[in-house]
Amino acid sequence: MLKTQKFLMSFWHSINPHIPISTQHPVSYADRLRMRQPGDAKFAVGPHVDGGSVERWDEKGYGLGKVYDSVWKGKWEDFDPWEASCRLLAKLDLHQGVGACSAFRMFQGWLSLSTCSAFEGTLLVNPLLAKATAYYLLRPFFSPKRGVDQGAQTASEAVTKSTDFLASENWEMDATPSAWVQGATPGHGQELSRLLHPHLDLQKSMVHMPTVKPGDYVAWHCDTVHAVDKVHAGKVDSSVMYIPACPMTEDNANYLVRQRDNFIDGTPSPDFGGGIGESQHVGRIKPEEMHELVGEEGCRAMGLEAWDSDAAGLIPGQRVILDRANKILGFYD
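This structure is a prediction, so every number in the text was calculated from the model and none was measured. (Residues numbered from 1 in each chain as written. Predicted model: local features only at pLDDT ≥ 70, side-chain atom pairs only at ≥ 80, totals over all residues. Heavy atoms only, no water.)

### Details of the sheet that holds strand β10 (residues 217-221)
- The strand order across the open sheet formed by four strands is β2-β12-β4-β10, and the pairing between neighbours is antiparallel. A strand with exactly one partner marks an edge of an open sheet, and here the two such strands are β2 (33-36) and β10. This sheet shows a mean twist of 25° between the axes of neighbouring strands, independent of strand direction.
- Contacts between helix α1 (residues 2-9) and the sheet are confined to β4 (107-112) and β10, with β10 contributing the most and set at about 25° to the helix. (Pairing = 2+ DSSP bridges. Helix = DSSP H or I, 4+ residues; strand = E, 2+ residues; numbered from the N terminus. Axes fitted to C-alpha atoms, helices over the stretch in contact; angles between N-to-C directions. Contact = heavy atoms within 4.5 Å.)

Shown next, in the form of structure tokens:
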């Protein structure tokens, strides 16, 4: 899994080799286990993007890193979703969202525990990563000239699908900015819908994962619009372990300290509420057993052993962040 995460995160890059980040030293993030039974329609998550919502438009959120500046400057074609340096300063959760992730995930992902095909409770994604992002970011600044009654915020599905409604000449930039940001609610992820974001044509542009079997790993960029089947129409459970790919950064090292302490205590990870967790379980895994189970690299990813900042081949930024992480984790002063 660590090798896979290194490969995935190698698609990211930075214009500055000195920024304190390493995609070749993954940090563990203990996420969720999902078990969805046949016929389930309760776990129906529509198209959305995690990592906050209104924060994308907030100068104190993603604006701190100027993540989407090219879009705001009217040069959306220049937006690079794979540039890592701008993400380090961004604040993804300004409103203490329930279940929000405190770590920087370059990729979200899950490891399948069952065989699952389309319409069997699996994942759907929108592959138009940069274009879809630019669209929903700019959506609040434009309104249709025709097709919506004055004062209304949405049009009917029939209208929003029409060629006349979607035509570029039917849309204009608002003379007076509105406080309404379609699909964005403080404390929640960014929601998208066919009515509020008609040009994305979500009913057609959201595509299923191919059939997966136990042990298959599915990953998607942290800005990707994704959803799950509304109804699990399969005959067996659809079960996955959520395992994101997280680079080594200062914020991630700070989270790793808290996660490590919770693991030692047997309590749930910091992002997932309180409770006694496994603290009273007999025979639960202890830190001293981990080296034999997952080796040195696995223990480092969990914050249980120090990183080697003197290893050959490291670029300046990697050495800096590994040294910084070792201090944060308490391995040396």
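### Focus on the pattern of salt bridges
- One pass over the structure, following the stated rule, counts eight salt bridges.
- Across the salt bridge formed by D223 and R87, the nearest N and O atoms sit 2.8 Å from each other. One end of the pair, D223, is in the loop between β10 and β11 (226-228); the other, R87, is in the loop between α2 (69-72) and β4, and 136 residues separate them in sequence.
- By sharing partners, the salt bridges in this structure join D31, R32 and R105 into a single network. (Salt bridge = Lys/Arg side-chain N within 4 Å of Asp/Glu carboxyl O.)

### A closer look at the domain arrangement of the chain
- As far as domains go, the chain holds domain 1 (1-28 + 248-332) and domain 2 (32-56 + 93-148 + 172-243).
- The straight-line distance from the C-alpha centre of domain 1 to that of domain 2 is 27 Å.
- Counting residues at the interface gives 14 residues for domain 1, matched by 15 residues for domain 2.
- A buried area of about 1200 Å², summed over both sides, lies between domain 1 and domain 2, and 73% of it is on carbon and sulfur atoms.
- Counting the surface domain 1 buries against domain 2, the share from its top three residues, M1, W12 and D271, is 43%.
- Scanning the region where domain 1 abuts domain 2 turns up zero salt bridges. (Domains from an automatic or database assignment. Buried area = accessible area lost by both parts, 1.4 Å probe.)

### Brief notes about helix α8 (residues 290-301)
- In a regular helix each residue adds 1.5 Å, so twelve residues correspond to 16 Å; α8 covers only 11 Å between its end C-alpha atoms and thus falls short of that length.
- Those residues of α8 that sit buried are M290, G298, C299, R300 and A301. Along the long axis of α8, the arc covered by the buried residues comes to 150°, so they all point the same way.
- Looking one or two places after α8, you find G303, whose phi comes out positive at around 80°. (Expected span 1.5 Å × (residues − 1). Buried < 20%, exposed > 50% of the residue type's maximum accessible area, 1.4 Å probe, protein only. Arc of directions from axis to C-beta.)

### Some details on the packing of helix α7 (residues 250-265) against helix α9 (residues 316-328)
- One way to put it is that α7 packs onto α9 with a least axis distance of 9 Å and a crossing angle of 25°. By the criterion of interaxial angle, the relationship of α7 to α9 is roughly parallel. Note that α7 runs across α9; the crossing there is right-handed. Contacts from E250, A253, N254 and V257 in α7 reach I321, R324, A325 and I328 in α9.
- When the residues that make up the contact of α7 with α9 are grouped by side-chain class, the tally is five nonpolar, one polar and two charged. (Parallel < 35°, antiparallel > 145°, perpendicular 65-115°, else oblique. Left-handed = near helix turned anticlockwise from the far one by under 90°. Nonpolar A, V, L, I, M, F, W, Y, C, P; charged D, E, K, R; others polar.)

### Re a nonpolar patch on the surface
- On the surface, L33, M35, L113 and M241 cluster together into a nonpolar patch covering about 390 Å² of accessible area.
- Along the polypeptide, M35 turns up in strand β2.
- On the accessibility criterion, M35 (57% relative accessible area) is exposed. (Patch = residues over 30% accessible without salt bridge, like charges linked within 9 Å, V, L, I, M, F, W, Y side chains within 5 Å. Areas by Shrake-Rupley, 256 points an atom, 1.4 Å probe, with all protein chains shown as cover.)

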